[in-house]
Amino acid sequence: MADQDARSPVGIEPPALSVLRWAEPPEGPAVVLLDQTRLPSQEVELVCADVPALVRAIRTLAVRGAPLLGIAGGYGVALAAARGEDVARAAELLAGARPTAVNLGYGARRVAEAYRCAKEKRAGRGQAASAALAEARALHREDAAASARMARYGLDLLAELLPDGPHRLLTHCNTGALVSGGEGTAFAVALRAHRKGRLRRLWVDETRPLLQGARLTAYEAARNGLPFQVLTDSAAGSLFAAGEVDAVLIGADRIAADGSVANKVGSYPLAVLAKYHHVPFVVVAPTSTVDLGTPDGSAVVVEQRSASEVTEFTFPRPASDGAEAGGSASAPVGAQAYNPAFDITPPELVTAIVTEEGVISPVTGVGLAELCARSSQVTIS
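Definitions and limits used
For every chain, the first residue of the written sequence is number 1, and numbering continues from 1 along that sequence. Only residues with pLDDT of 70 or above have their local features reported here, since the model is predicted, and side-chain atom pairs are shown and tallied only from 80 upward, although totals for entire chains, interfaces and linings are computed over all residues. Hydrogens and water are ignored here; the side-chain numbers use all heavy atoms of the structure. UniProt positions are given in the numbering used here, feature names are shortened, and annotations may be inferred rather than shown by experiment. Secondary structure elements are defined from DSSP: runs of H or I of at least 4 residues count as helices, runs of E of at least 2 residues count as strands, and each element is numbered from the N terminus. For each residue, the accessible area found with a 1.4 Å probe, counting protein chains only, is set against the maximum for its type, and the residue is called buried under 20%, exposed over 50%, and partly exposed in between. All accessible-area figures derive from a Shrake-Rupley calculation using a 1.4 Å probe, and residue coverage is judged against the displayed protein chains alone. Charge assignment: positive for Lys and Arg, negative for Asp and Glu; neither His nor the chain ends contribute. Note on charges: their place is set at NZ of Lys, CZ of Arg, CG of Asp or CD of Glu. The rule for a salt bridge is simple: a side-chain nitrogen of Lys or Arg has to be within 4 Å of a carboxyl oxygen of Asp or Glu. In this description, strands pair whenever DSSP reports at least two bridges between them. Here an angle of 0 to 180 degrees is reported between the N-to-C directions of two axes, which are lines fitted to C-alpha atoms, with helices fitted over the stretch in contact. Residues are treated as being in contact if the distance between any of their heavy atoms lies within 4.5 Å.

Under an unreviewed UniProt entry, the name given to the protein is Methylthioribose-1-phosphate isomerase, and the source organism is Streptomyces flavovirens. Heading Catalytic activity (unreviewed entry) of the UniProt record for the protein holds this comment: "5-(methylsulfanyl)-alpha-D-ribose 1-phosphate = 5-(methylsulfanyl)-D-ribulose 1-phosphate". Per UniProt, the protein carries the Pathway (unreviewed entry) text "Amino-acid biosynthesis; L-methionine biosynthesis via salvage pathway; L-methionine from S-methyl-5-thio-alpha-D-ribose 1-phosphate: step 1/6."

### What about the overall build of the protein?
Of the regular secondary structure elements, the protein holds eleven helices and 14 strands. Taken along its principal axes, the extent of the C-alpha atoms in the protein is 65 × 50 × 45 Å. Per-residue burial over the protein gives 55% buried out of 381 residues. As displayed, the protein has an accessible area near 15700 Å², and 52% of this comes from carbon and sulfur atoms. Taking the average location of the 36 positive side-chain charges in the protein and that of its 41 negative ones, the two points are 4 Å from each other.

### Points about the pattern of salt bridges
Should the charged atoms of two oppositely charged side chains come close, the side chains can pair. Following the criterion strictly, the structure yields 16 salt bridges and no others. One salt-bridge network, held together by shared partners, links R98, E303, R305 and E309.

### Brief notes about the sheet that holds strand 2 (residues 30-34)
Ordered in space as 1-2-3, the three strands form an open sheet in which the pairing is antiparallel. The sheet is open, and its two borders are formed by strand 1 (20-23) and strand 3 (45-48), each paired with just one other strand. Across the sheet, the mean angle from the axis of one strand to that of its neighbour is 25°, orientation sign disregarded. Of the pairings in the sheet, the one linking strand 1 to strand 2 comprises four bridges and is antiparallel in character. Residue W22 lies in a different strand from strand 2, and its bridge partner there is V31. Sheet strands touched by helix 2 (residues 66-82): strand 1, strand 2 and strand 3. Its angle to strand 1, the strand with the most contacts, is close to 10°.

So this is what it looks like as structure tokens:
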């Protein structure tokens, strides 16, 4: 297969994306998001002035990605505290907005606990709200630092597994700055490889049905000058067969105690292909994505999404009135669709899990528990 535009010059790094921030305009505090449903054609911010608005943003995927959802959950609880609302109820609503992404509940509960502790020390409402906001900001900073460490560990691992470079990496869904307080998880590894001159090509699965790869990963790759190409999910097999993939890098929405990985649907078939073709399959995720309370993959609640995301051509996005914008039908009217948001990859198909605390390989429950014992961010649900 011809290697078109195999090298892309590494130019000046673009300014950091403002994906999520806390704002205090005159009309009151708010969580301000880069609306990811509008990308790549529009960079539009969405202002969430209360918890229900933030929950809607999470459910419509205006904000998404496991680590960033944790940050959003934390700021959402801080927002409820600042507005004098029921903080425990806010944490519950936020945690349930998307059940598979464990970080969301982790962030919400962590900030709610900071608020509760402040109240137990007889802090006033304003002081307790400030404690909640400080905890949300700490979570944000920690995720940015974790992202940088994962990028370093991930690239070191690739150097061990693939001493001959530069690398041709295949990724699925979106795992960059749009999902993180920093530069991402799996994408951050590819970005670091690019900056070190060790990325030959990034293959970007379009990632059905919401096209997070084609819309979002390609957006980030172009923005950072990476050499990349988009492919349909079903074309990945032909790339493996042609020997054009050196490693697969994906993120995770939840990692069970046995090392099973829940990630965007289509990840499991890539793991099977990688195993057959003797290609490393690497998961990059912070320890906050590990849920030791979920024993294995069968215990993960997999979100089922609207059939319209499969049966219509146009990606459904929130219209200005809050309703979903329609698209051209790609299936007969009334056709049903199987549309899980995630699938589960068993640990025996995962070459390594890269976290901010280090690398696990081979992936076992014991190894995962030992690594997570070094972190204060592991979730026990």
